[in-house]
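Secondary and tertiary structure notes
The primary structure of each chain is shown beneath.
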Amino acid sequence: MSALVKEHRTVRPPSAAGLYYPRDAEGLRLALRTLLAAKTTAIARVPKALVVPHAGYAYSGTVAASGFHTLEVPAARATIRHVILLGPSHRVPMRGMAMPSWDSYETPCGEVPVNDSARGRLRELGLAGIADAPHALEHSLEVQLPFLQAVLDDFDVLPLAVGLAPAEQVARALEAVWGGPETLILVSSDLSHHHTQA
């Protein structure tokens, strides 16, 4: 049975590469190194949660990198094995939260496996469903993956596309997959589309 499952593995290809971040692996790694090199804060401890923007790297990459910089310590690489990634569903109107059916996400830097155990837990609790459409072209989740690949070693991700969802539902879902220091909560935010640059 496991050989059959592996034979039918599904991978979500990158859809934001070349639009929100560089398409080729070498260019992407260079962009990440450059963004992460602009260190802004001293790191006191590994965070449990981060909120980072998800525009194109040319627009919000520096701010996102300042968040991911807090994971550039040996303790984070050695400890964090699971990332719960929440982002808005920009293209598919929906209620609640949706998880993809795919086994992994691909970026120019390689594949990131989806945490099947956490996905199963949220599905069993009725807190999130399985739907690929909200994830197919969603950049809010994808643009965070190369940063994670740059600062972490061996990890999986549970991508959650968030639509119109009550705060209590999101809180219950986070509580169900909160875990210990091995789990990072990462919220991908628009910040705002409606204010001036200043």
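In what follows, the structure referred to is the one given above.
Quick summary incoming for the structure in this document. (Residues numbered from 1 in each chain as written. Predicted model: local features only at pLDDT ≥ 70, side-chain atom pairs only at ≥ 80, totals over all residues. Heavy atoms only, no water.)

**With respect to the pairing of strand β6 (residues 110–113)**
In plain terms, the rule: For two strands to count as paired, DSSP must find a minimum of two bridges between them. Only DSSP runs of H or I covering at least 4 residues are called helices, and only runs of E covering at least 2 are called strands; the numbering of each starts at the N terminus.
Bridging between strand β5 (residues 104–107) and β6 involves four bridges; their strand directions are antiparallel. Directly across from Glu106, in β6, lies its bridge partner Glu111. Hairpin connection of β5 to β6: two residues between the antiparallel strands.

**So, the environment of Met97**
Condition: Contact criterion: two residues are considered in contact whenever any of their non-hydrogen atoms come within 4.5 Å of each other.
Mapped onto the fold, Met97 is located in strand β4 (residues 97–99). In this structure, the C-alpha to C-alpha distance between Met97 and Ala131, residues 34 residues apart in sequence, is 9.1 Å. Aside from chain neighbours lying at most four places away, what touches Met97 is Leu127, Ala128, Gly129, Ala161, Val162, Ala165, Gln169, Val170 and Ala173.

**A word on the side chain of Glu138**
The line we're drawing: Using a 1.4 Å probe on the protein chains alone, a residue whose accessible area is under 20% of its type maximum counts as buried, one over 50% counts as exposed, and one in between counts as partly exposed. The positive count covers Lys and Arg only, the negative count covers Asp and Glu only, and His and the chain ends enter neither. Any Lys or Arg side-chain nitrogen located within 4 Å of an Asp or Glu carboxyl oxygen qualifies as a salt bridge. In protein, a polar contact requires one atom able to donate a hydrogen and another able to accept it; more generally it is a pair of N or O atoms within 3.5 Å, and residues adjacent in sequence count only if both atoms are side-chain atoms.
Relative to the helices and strands, Glu138 resides in the loop between α6 (133–136) and α7 (139–142). The buried charged residue Glu138 lacks any salt bridge partner; its closest oppositely charged side chain belongs to Arg91, at an N-O distance of 5.8 Å. Within the structure, the side chain of Glu138 is placed 2.7 Å from the backbone nitrogen of His90, a separation counted as a polar contact. With residues up to four places along the chain from it excluded, the contact list for Glu138 reads Arg12, Ser15, Pro88, Ser89, His90 and Arg91.

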